[in-house]
Amino acid sequence: MKQINIGLLGCGTVGTGVAKILIENKELIAARVGALLSLKHVADIDIKRDRKIKFDEGVLVTDARKVVDDPQIDIIVEMIGGVGIAKELILRAIDNGKQVVTANKALLAAQGNILFKAACAKGVDLAFEASVGGCMPVIKSIRESLVGERIKSMTGILNGTCNYILSKSTYDGIDFEAALSEAQAKGFAEADPSLDVEGIDTAHKLTILISIAYGMEINFNDIYIEGISKITPMDIDFANQFGYRIKLLAISKNRGKEVEARVHPAMIPFGNQLSNVNGSLNAITISGDAVGNMMLYGLGAGMMPTASAVVGDISDLARNVLSGSRGRIPLLSYQMENIRKIPIMPVDDIFTNYYFRFSAADRPGVLSKISGILGDRGISIKSVHQKGRKSIGSVPIVILTHLAKEQDVRMALAEIETLDIVSDRPVLIRIEETNSHI
Ligand code: HSE
């Protein structure tokens, strides 16, 4: 049986999972691929740590450049992460004519245009399924299954850490910090967890998805990003009373000349399937002109689910090596010459429903002042709720709106914040009603 040699760069959480699958499921993979995938070298700065894997003598090395330059290696798997050395090694592997697999969403979101152009020019494949949604095959679905589809919108839960934290707060009343520590202990979180909780990791993933779904150059900088760090138990509780769950969503809508792309916490109705996606699970609904609505669902973070997606990519590329068919599937789903610069719509221009929570004095006229400002800006109120009574101090006043324009909402809240009857900054959480989602 033919042997295909793999060079793995980085043996941290996911890299270790990849090595484990390649070694322990060697025969199974060979039976499916038709070649023996041999882990020739694993490069890491720490080759002493016990990874509970039995590597053959000489497999573990410290010099990643030597692995990339090894003429016997067919496929390079970059699991280092970050945008520094990982980029240099990927470009070097491409230049050496190797097939490359990466899960590095931060690098693809920041420098993807350079990497994909280099791979395309050299005629090598660059696979990146594990960069979005863990084991959920969303990139394969868009690139290979939905070729005849005009994708209209995508809404996803794409960060396991945030979904774990929000689920723990919602169902178990566990506070934010404790839930984050648990997510870190389970290997879901990034080395810098602020990338997770501030929504940046989700935006990296959305950047990749909108590029392959709509045929646009990778553009991370214009995506609106808001994380979950300001979500309080009180807002989770109010959401629950109104029939909503709070999720960190990646939302995109294809508006023809521009694309709506935003990441923020949102309330979604209990009836929306995404509201029941909990823990480290990820899910995405994709709406297209022929398929209608479809949904993918799976573990979005953690060693083995992510490693499984990487091994799927390695197997795809190994099949390409076997058949000598490089570049069969366009890297970004569209032929390179058809990828356009499509602007991302400014968040001020979006329309959605809103939840506002004000801390306001409990006295006559307060509500009319707040609702007056909202009315002046054309914001129509759907319902108003006040909890408790206080002669001194403030009470929470919650207002739900009909569809409103973000710009009007921002101006209204800025004005309300200046009222002496309002203490604290008003809380704004967008509500995503049914829309085109399942
Ligand atoms: N930190 C990421 C998450 C890992 O929590 O989803 C998977 O990309």
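The following paragraphs examine the structure supplied in this document. It should be emphasised that the depicted structure is a prediction, and the values quoted were computed from it without experimental measurement.

Reading the values: the criteria
- Numbers given to residues run from 1 along each chain, matching the order in which its sequence is written.
- In keeping with the model being predicted, local features are shown solely for residues with a pLDDT of at least 70 and side-chain atom pairs are shown and tallied solely at 80 or more, while totals for entire chains, interfaces and linings include all residues.
- Heavy atoms from the whole structure form the basis of all side-chain values; hydrogens and water molecules are not counted.
- DSSP bridges decide pairing: two strands pair if at least two such bridges lie between them.
- The helix count covers DSSP runs of H or I at least four residues long, the strand count covers runs of E at least two residues long, and both are numbered beginning at the N terminus.
- A simple rule labels every residue: compare its accessible area, found with a 1.4 Å probe on the protein chains alone, to the largest value its type can have, and call it buried under 20%, exposed over 50%, or partly exposed in between.
- Here a pair means two rings of Phe, Tyr or Trp (six-membered ring of Trp) with centres within 6.5 Å. Their orientation is stacked below 30 degrees between planes, edge-to-face above 60, and tilted elsewhere.
- We call a residue near a molecule or strand when any one of its heavy atoms sits within 4 Å of it.
- Values of accessible area rely on a 1.4 Å probe in the Shrake-Rupley scheme; residue burial ignores everything except the protein chains shown.
- Each residue is assigned to one of three groups, with Ala, Val, Leu, Ile, Met, Phe, Trp, Tyr, Cys and Pro labelled nonpolar, Asp, Glu, Lys and Arg labelled charged, and all others, Gly among them, labelled polar.

## A short note on the sheet that holds strand E3 (residues 60–61)
Working step 1: Taken together, 6 strands build an open sheet; the order of strands is E3-E2-E1-E4-E5-E6 and the sheet is parallel. Two strands in the sheet have a free side with no partner beyond their single neighbour: E3 and strand E6 (126–127).
Working step 2: Taken together, the 2 bridges between strand E2 (residues 36–43) and E3 define a ladder with parallel strand orientation. By the bridge assignment, alanine 43 is partnered in E3 with valine 61.

## Some remarks on the pairing of strand E17 (residues 422–431)
Working step 1: Counting buried positions along E17 yields 7 of 10 residues, so the element is predominantly enclosed.
Working step 2: Across 2 bridges, the pairing between strand E10 (residues 259–269) and E17 is parallel. In the sheet register, methionine 267 faces E17, and the bridge partner there is isoleucine 431.
Working step 3: Where strand E13 (residues 351–361) meets E17, 7 bridges bridge the pair, whose relative direction is antiparallel.

## Observations concerning the packing of aromatic side chains
Working step 1: Using the criterion set out here, one finds 5 aromatic pairs in the structure.
Working step 2: Pairing phenylalanine 238 with phenylalanine 242 gives two aromatic rings, centres 6.1 Å apart and planes at 15 degrees, and the pair type is stacked.
Working step 3: An angle of 50 degrees between the planes, with centres 6.0 Å apart, marks the rings of phenylalanine 356 and phenylalanine 358 as tilted.
Working step 4: The exposure class of phenylalanine 356 is buried, given its relative accessible area of 0%.
Working step 5: Counting every residue linked through ring pairs, the aromatic cluster contains Tyr354, Phe356 and Phe358.

## Examining the site of the ligand
Working step 1: Contacts to the ligand come from Lys105, Asn159, Gly160, Thr161, Phe188, Ala189, Glu190, Asp196, Asp201, Lys205, Gly300 and Ala301.
Working step 2: Taken by itself the ligand offers 250 Å² of open surface, and the protein chains cover 93% of this.
Working step 3: Looking at the shell around the ligand, its residues break down into 3 nonpolar, 4 polar and 5 charged.

## Focus: unusual backbone geometry
Working step 1: Within the chain, lysine 52 stands out as a residue other than glycine whose phi angle is a positive 60 degrees.
Working step 2: You can see lysine 52 is positioned in the loop between E2 and E3.
Working step 3: Since its relative accessible area comes to 65%, lysine 52 is described here as exposed.
Working step 4: Backbone geometry at serine 333 places phi at a positive 80 degrees, although glycine is not the residue there.
Working step 5: Position of serine 333 among the secondary structure elements: in the loop between helix H12 (303–323) and E13.

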